[in-house]
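Structural overview for review
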Amino acid sequence: MTVVGTSHEELEELRAAVRSFLEAKSSEEAVRKAAETELRYDPQVWAQMAEQLRLPGLIVPEEYGGDGFGQVALGVVLEEAGRALLCSPLFATVVLAAQALLASGDHEACARHLPGIAAGRTTAALAVAEDSGAWDPVQIRTRAVRAQEDGSNGWELTGSKSFVVDGASAELLLVIARTTAGPSLFAVDGKAPGVTAEAMETLDATRAMARLRLDAAPATLVGTDGAGGRLMARVLDSAVVGLAAEQVGGAGRCLDASAEYARTRTQFGRAIGTFQAVKHKCADMLVQVELARAVAREAARIADEGGEPGEFAATAAAAHVYCSRAFMSAAMENIQVHGGIGFTWEHPAHLYFRRAKSSQLMFGGPSAQHERFLERLGI
Amino acid sequence: MAHDTDVPDPAAFAAEVRAFLDAHARPAADRAGFVWGEGDDRVAYFSSDPPEVEQAATQAARDWQRTRYENGFGWITGPKEYGGRGLTPVHDMVYDAVEAEYDVPDTGVLAVVGLGMIGPTILAHARQHIKDHWLPAMYRGDAIACQLFSEPDAGSDLASVQTRAVRDGDTWVLNGQKVWTSVAHHSRIGVALTRTNPDAPKHKGITAFLVDMTTPGVEVRPLRQMTGGADFNEVFLTDVRVPDDHRLGEVDGGWTVALTTLMNERATVGNEGAGPVAAALSPERLAALLRATWTLDDHAVRARLADLLADIKATEALNARAMRSLRAGHSPGPEMSVSKLMYGQNLTRAAHFVTDVLGPSAVADTGQWGTYAWSELLLATPALRILGGTEEIMKNILAERVLGLPKEPGIDTKSPFRELRGVRTKEGSA
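Residues numbered from 1 in each chain as written. Chains lettered and ligands numbered in written order. Predicted model: local features only at pLDDT ≥ 70, side-chain atom pairs only at ≥ 80, totals over all residues. Heavy atoms only, no water.

**Digging into the overall build of chain A**
Looking only at helices and strands, chain A features eleven helices and nine strands. Taken against the 2.2 N^0.38 rule, which gives 21 Å for 379 residues, the C-alpha radius of gyration of chain A at 21 Å falls within 12% of a compact globule. If you line up chain A on its principal axes, its C-alpha atoms span 80 × 45 × 45 Å. Per-residue burial for chain A yields a buried fraction of 58% across its 379 residues. Of all intrachain contacts in chain A linking residues separated by at least 6 positions in sequence, the fraction that spans at least 24 positions is 73%. Positive and negative side-chain charges of chain A, numbering 36 and 47 respectively, have mean locations separated by a distance of 5 Å. (Helix = DSSP H or I, 4+ residues; strand = E, 2+ residues; numbered from the N terminus. Rg over C-alpha atoms; globule rule 2.2 N^0.38 Å. Buried < 20%, exposed > 50% of the residue type's maximum accessible area, 1.4 Å probe, protein only. Contact = heavy atoms within 4.5 Å. Lys, Arg positive; Asp, Glu negative; His and termini not counted. Charge placed at Lys NZ, Arg CZ, Asp CG, Glu CD.)

Written out as structure tokens, the structure is:
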């Protein structure tokens, strides 16, 4: 059961708790350190996120050991995670994998995997895209065949996946592969024979990605055979709403940094924020951040409370287009406002620039986002 | 008027509104039933109607406002002693939402400036007898009101007004020139900002008056815009005598009065999201246009359309959230200024997008329905980025009040106005 109608006060409490946790655990120094490790996150921090804040189980229904909150509450957490550039398996495990399990409607698979995810014991990844990076059912080439002809539920997957977020470290892999019935979702143990995961070099070191090679890897079907196309569309809708929240947080942080610098940095004997050229740049960033925040939160609200038919899909896609653009623009302008120091390695501005571009290009990039948005508006 | 003294809950109020509208208006044509090529294809922000058509529309607006007033819907949030209903902004929104489903005259000529900005200003700053007389007259549709603020040398720098008001016993004598005055040619009253003390700093020597527009010496000259229409006016004030009891607020305290109006102005302009122009920006209407002009498959056109619609959707989300937050009793944040900015920008981008797609059909009228019609909106867009506070002023407000950035140095709020004028003249001749 999804608990909806969480009060404004409860959400602000959640925000304050997550923010103070991240101030302590995801400082710029911590982010830089985590991004240099092989895992790309600090397992201790992840364990604390589970124990102290119960974040991995936030949207997992109570029957599977979670707290059953909705997208609005998850959005609050992701805004804060985006602000802090948190390196963690939260996005891969909760926003992608847990949502895929829930969207599959497979009670048995949910009962098997979600309690571990909710408790923070299991990290998971969702492997969809292949070499092109597209989230398009037509482009799925990875094949699934039955392991035995006796009708038992064992399958074997063969093929390769790319751009799999946290794919090298995840204990559980959820993989879209093609059967004779069409694209379908499978669960694969990350350590199973026939699975090779190789970390990819990434533009944004705070979000790990991997290439997976599957060579007759043993797998279990999740949900209905051939239902993968519809499932991908549903997961993508909720994932882009989650991503939008993260982007809002990142953009907001860029805006705050720019405003702070414009207030304090002096040139020609006055604060640079007194010059309209700089002041208006900051105001433009504010406008975009406010709009991004509004459309991202509105999409999350509709996900929880419902709306007119098609309203969620259209608003989610609008949030994806708008927030991708707003974060990228805020990250670029933040470097501009900071003058020469903004593009140095030591300054954190480039970390946001990398995250913004990489996020904008996730799930197919702007042209795919545009088409998806227009399609959802019936155009 | 005998109305229930209790505050009805929104659902009960909506039912009451519906009963009123069923009795006095017809349901609007179904917007979802939009068919390309049928009906009125105009997409205009400003009117370009001939004067007799405009007069008739103004009369229809007055009549509808009177009907509303007589049925208790003329001033939903206003105090009962002045003919209001004493309800909340939520009830106002409920009324607007229900009325949008009906085909009623556009009351913008009364509402945008008069009821939206001047009414609250009079309520906050006028003497008792002015309120008793003019507030009911305004909300009953009898007295259209205008804002005599801007001058040729006081646009964005509104505190630089030079129209003089000199005391003569119990009256004041006003001399000067106002400009950009919307609906002055229909107005019975106006609120004027005047300079009463040139020796005080510029914000401190201003006084506001309620001016009866029929007073001798008030001359209204329409200003023709690039759209061909005349929505604004110049107003010349020559030895206009205004009684002291028509003063709003304190002598030399007019800046406070102006701020009341300006705050309401930003809320009003940003809220004009509904209406025929907004309908023109609907995804289905834009898609129909592109289909009719064989451009919907063009990749570059689709990318631009998606970007434009994302801006529009995000603005809608912002407005929806602002309303919901208002309804929950929170005061509005920076949303209003953002919304005002986006209103002008979205229409500007849309008009350029559509006319770029149309190409030659936007340059000259081919007779094809719904194409050249967009040129009317295009020609209004430069004004949209300026009226009600320029984009630059709105950005200064956002940067200074929301982000806390420092003000520009050299803005002199301490020297006597007389000396500032001297400085400006020297700079101007350099």
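Let's pick the thread back up.
**Regarding the side chain of Thr179 of chain A**
Residues and elements named next belong to chain A. Its place among the elements puts Thr179 in strand E4 (residues 172-179). Within polar-contact distance, the side chain of Thr179 engages the side chain of Asp225 at 2.7 Å. Excluding residues within four positions of it along the chain, Thr179 makes contact with Ala144, Trp155, Ser184, Phe186, Asp225 and Gly226. (Polar contact = N/O pair within 3.5 Å; in protein donor to acceptor, adjacent residues only side chain to side chain.)

**A look at empty space enclosed by the protein**
Residues and elements named next belong to chain A. In total, this model carries three cavities of 30 Å³ or more according to the counting rule given. Along its surface, the largest cavity is lined by 18 residues, and Leu86, Ser88, Phe91, Thr206 and Arg207 are the ones closest to its centre. Counting residues per element, the ones that place at least two in the lining of the largest cavity are helix H4 (71-84) and helix H5 (90-104). Split by residue class, the lining of the largest cavity holds ten nonpolar, three polar and five charged. (1 Å grid on protein atoms, 1.4 Å probe; cavity = no way out; pocket = protein on both sides within 12 Å on 5 of 7 lines; lining within 4 Å. Points joined across faces, edges and corners; volume = space filled by probe spheres on them. Nonpolar A, V, L, I, M, F, W, Y, C, P; charged D, E, K, R; others polar.)

**So, the interface of chain A and chain B**
Every contact between the two is made by 35 residues of chain A and, on the other side, 39 residues of chain B. For the pair chain A and chain B, the summed buried area comes to about 3,400 Å², and 69% of that belongs to carbon and sulfur atoms. Three residues, Lys279, Leu291 and Ile379 of chain A, lead the burial of chain A against chain B; their summed loss comes to 18% of the area buried on that side. The tally of links from chain A across to chain B stands at six salt bridges. The partner of Lys279 of chain A in a salt bridge is Glu400 of chain B, with the nearest N and O atoms 2.5 Å apart. (Buried area = accessible area lost by both parts, 1.4 Å probe. Salt bridge = Lys/Arg side-chain N within 4 Å of Asp/Glu carboxyl O.)

**Examining the pattern of salt bridges**
A side chain of one charge can pair with a side chain of the opposite charge if their charged atoms are brought near each other. All names here are of chain A. A full pass over the atoms with the stated rule returns 49 salt bridges over all chains. A salt bridge links Glu80 to Arg19; the shortest N-O distance between them is 2.8 Å. Of this pair, Glu80 sits in helix H4 while Arg19 sits in helix H1 (residues 8-25), and the two are 61 residues apart along the sequence. Assessed through its relative accessible area of 3%, Glu80 is described here as buried.

**Side note on helix H3 (residues 43-53) of chain A**
All names here are of chain A. For H3, the full list of buried residues reads Val45, Trp46, Gln48, Met49, Ala50 and Leu53. Where H3 is buried, its residues meet H1, H5 and helix H6 (107-119). A side-chain oxygen of the first residue of H3 lies 2.9 Å from the backbone nitrogen of Gln44; this N-cap is Asp42. With its phi angle positive at about 55 degrees, Arg54 sits one or two positions after the end of H3.

**Things to note about the packing of H4 of chain A against helix H8 (residues 276-305) of chain A**
Residue and element names in this part refer to chain A. Relative orientation of the contacting elements H4 and H8 amounts to 150 degrees, with a least axis distance of 8 Å. Here H4 lies roughly antiparallel to H8, going by the angle between them. Contacts from Gln71, Val72 and Glu79 of H4 reach H8 at Arg297, Ala300, Arg301, Ala303 and Asp304. (Axes fitted to C-alpha atoms, helices over the stretch in contact; angles between N-to-C directions. Parallel < 35°, antiparallel > 145°, perpendicular 65-115°, else oblique.)

**Focus on the environment of Tyr95 of chain B**
All names here are of chain B. Tracing the backbone through its elements, the reader meets Tyr95 in helix H3 (residues 89-99). For Tyr95 and Leu305, which are 210 residues apart along the polypeptide, the C-alpha to C-alpha distance reads 33 Å. Non-local contacts of Tyr95, meaning those with residues more than four positions away in its chain, are made with Phe13, Val17, Phe20, Leu21, Trp64, Arg68, Phe73 and Ile76. Side chain to side chain, Tyr95 and Arg68 meet in a polar contact 3.5 Å long.

**Here we look at the confidence of the model for chain B**
Looking at chain B as a whole, its pLDDT mean stands at 89, while 92% of the residues score no less than 70. Scored as a complex, the prediction yields pTM 0.91 and ipTM 0.93. (pLDDT = per-residue confidence, 0-100.)

**Thoughts on helix H9 (residues 311-337) of chain A**
Residues and elements named next belong to chain A. Helix length check: H9 (27 residues) gives 37 Å between terminal C-alpha atoms against 39 Å at 1.5 Å per residue, within 8%. Of all 27 residues in H9, 21 are buried, a share of seventy percent or more. Count one or two residues on from H9 and you reach Gly339, which has phi positive near 60 degrees. (Expected span 1.5 Å × (residues − 1).)

**Focus: the nonpolar core**
Counting residues in hydrophobic clusters, the biggest one holds 155 residues, and the most contacted among them are Leu126, Trp135 and Phe363 of chain A together with Tyr45 and Trp374 of chain B. With 17 residues, helix H7 (residues 228-264) of chain A is the largest single contributor of residues to this core. Leaving out residues up to four positions away in the same chain, Trp374 of chain B has contacts with Val43, Ala280, Leu281, Leu286, Leu289, Ala350, Ala351, Val354, Thr355 and Leu358 of chain B. Counting residues in hydrophobic clusters, the runner-up holds 53 residues, among them Ala165, Val218, Val235 and Val240 of chain B. (Core = buried A, V, L, I, M, F, W, Y, C linked by side-chain atoms within 4.5 Å.)

**Some details on the packing of aromatic side chains**
Throughout the structure, instances matching the rule amount to 14 aromatic pairs over all chains. Residues Trp180 of chain B and Phe232 of chain B carry aromatic rings whose centres are separated by 6.0 Å and whose planes lie at 90 degrees to one another, so their mutual orientation is edge-to-face. Of this pair, Trp180 of chain B sits in the loop between strand E5 (171-178) and strand E6 (189-195) while Phe232 of chain B sits in strand E9 (residues 232-243), placing them 52 residues apart in sequence. Here the aromatic cluster, defined as three or more aromatic residues joined through ring pairs, consists of Phe13, Phe20, Trp64, Phe73 and Tyr95 of chain B. Over the face of the ring belonging to Phe275 of chain A we find Arg270 of chain A, whose NZ or CZ atom lies 3.7 Å from the ring centre. Across the ring face of Phe73 of chain B, the terminal group of Arg85 of chain B is positioned such that the distance to the ring centre comes to 5.7 Å. (Phe/Tyr/Trp six-rings, centres within 6.5 Å; stacked < 30°, edge-to-face > 60°. Lys NZ or Arg CZ within 6 Å of the ring centre and 35° of its normal.)

**Regarding the packing of helix H8 (residues 283-292) of chain B against helix H9 (residues 299-327) of chain B**
All names here are of chain B. At a minimum axis separation of 12 Å, H8 and H9 run at an interaxial angle of 165 degrees. By the angle between their axes, H8 is roughly antiparallel relative to H9. As for how H8 packs across H9, the hand of that crossing is right-handed. Counted together, Pro283, Leu286 and Leu290 of H8 and Val301, Leu305, Leu308 and Leu309 of H9 form the full contact between these two elements. Looking at the contact of H8 with H9, its residues break down into seven nonpolar, no polar and no charged. (Left-handed = near helix turned anticlockwise from the far one by under 90°.)

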